[in-house]
Amino acid sequence: MPELPEVETIRRQLAPRVQGRVLEALEVSDPRWCWPLAGTEIAAAVTGRRVQRLGRRGKYLVWELDDEVFLIIHLRMTGTLLYDPPEAVGHARVRFTLADGHSLLFVDPRRFGTGQLVLGGEALDTFFAGRLGIEPLEPGFTPAHLRALARGCRSPAKAFLLDQRRIAGVGNIYADEALFRARIHPLRPANRLTSPQLDALRDAVIVSLQAGIDANGATIDDFRDLDGARGSFQNEFLVHRREGEPCPVCGSAVRKMVVAGRGTYVCETCQPRPRLRRPAAR
Ligand SMILES: [Zn+2]
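Residues numbered from 1 in each chain as written. Predicted model: local features only at pLDDT ≥ 70, side-chain atom pairs only at ≥ 80, totals over all residues. Heavy atoms only, no water.

A. Fine view of helix α3 (residues 121-129). Taken residue by residue, α3 has Gly 121, Leu 124, Phe 127 and Phe 128 as its buried positions. One side of α3 holds all its buried residues, which, seen down the axis, span an arc of 115 degrees. Of the exposed residues in α3, those oriented more than 90 degrees away from the buried face are Glu 122, Asp 125, Thr 126 and Ala 129. Considering only its buried residues, α3 is in contact with β2 (51-57), β3 (60-65), β4 (69-74) and β8 (114-119). (Buried < 20%, exposed > 50% of the residue type's maximum accessible area, 1.4 Å probe, protein only. Helix = DSSP H or I, 4+ residues; strand = E, 2+ residues; numbered from the N terminus. Arc of directions from axis to C-beta. Contact = heavy atoms within 4.5 Å.)

This is how it looks when you write it as structure tokens:
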């Protein structure tokens, strides 16, 4: 599933090709994409408008159109955007036509991807306020902010990182990589992390996401960039998807376990397992 670095890769490639252009047509061939709105309703709201800016919030791509009309796209599991796609592409769900003659195709075999319409800046703030926490690559993601988030959270560190309402954009890959870099076991409760551990985790989240962006994202199954190319971050994983391989730091075998319902990769030498708290002796 595309995470922040994969969506940011698409945004960076797409922004110079759509910003300042007029969206001439939007053809929705899969009503599930924009449900409960009809494809014709969402098309009527966005067509004829100029793309002011293409932004990103968490894993969402935000098309900012004239008059504060926002089209918000989430790729979910298998969504991809292709610029000037070849003729016969399977699983095409939505076609965007730009007034400059270029087109963009939203392709999504599993059909979980969504397009949502939001009208007005205030409505946009409300939309994201209920769904997303802080942007980890923004200056506001400080050690103090992360400490405040962790204070009341008894969930395992992995679940803490995956909760989009706390930190936006981190998914399964980057959570594993960040916890490894910070030498924190994914099962350690967030509210029992020490200040030095939280400081290390904040840096590790930033470094891991940035490394993903620098490699144009990770392609495990489906992710392709705008031109259909694979990302390369999967070749740089430290622990994620490396079960049984040697830890790059200490050489111990990387283990796979399930945490927060997700396949999770860990070096239990570098990331010591938390000890169970025993009741105090009387
Ligand atoms: Zn290790």
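B. Representation of the sheet that holds strand β5 (residues 80-83) within the structure. Spatially, β1-β6-β7-β5 is the arrangement adopted by the 4 strands of the open sheet, whose pairing is antiparallel. Strands with a single pairing partner mark the edges of an open sheet, and in this sheet they are β1 (23-28) and β5. Direction aside, the axes of adjacent strands within the sheet are offset by 15 degrees on average. Sheet analysis places β5 next to strand β7 (residues 103-107), joined by 4 bridges and oriented antiparallel. By the bridge assignment for β7, Tyr 83 is matched with Leu 104. Packing of helix α1 (residues 4-18) onto the sheet brings it into contact with β5, β6 (92-98) and β7, and relative to β5 it is tilted by some 40 degrees. (Pairing = 2+ DSSP bridges. Axes fitted to C-alpha atoms, helices over the stretch in contact; angles between N-to-C directions.)

C. Just the coordination of the zinc ion, in detail. The coordination sphere of the zinc ion, as far as protein atoms go, consists of Cys 247 (SG), Cys 250 (SG), Cys 267 (SG) and Cys 270 (SG), spread over 2.3 to 2.4 Å. Classification of the site at the zinc ion rests on its 4 donor atoms, whose angles at the metal span 100 to 115 degrees, yielding the label tetrahedral. (Donors = N, O, S within 2.8 Å, 3.2 Å for Na, K, Ca; no water. Tetrahedral: all angles 85-135°; square planar, octahedral: opposite > 155°, others 65-115°.)

D. Up close: unusual backbone geometry. The amide bond that connects Trp 35 to the next residue, Pro 36, takes the cis arrangement and shows omega of 10 degrees. By the secondary structure assignment, Pro 36 is in the loop between β1 and α2 (39-46). Positive phi values are uncommon outside glycine, yet Arg 183 reaches one of about 60 degrees. Residue placement: Arg 183 occurs in the loop between α6 (172-181) and α7 (195-214). Exposure remark for Arg 183: the relative accessible area of 46% places this residue in the partly exposed category. Positive phi values are uncommon outside glycine, yet Ala 260 reaches one of about 55 degrees. Relative to the elements of secondary structure, Ala 260 occurs in the loop between β9 (255-259) and β10 (262-266).

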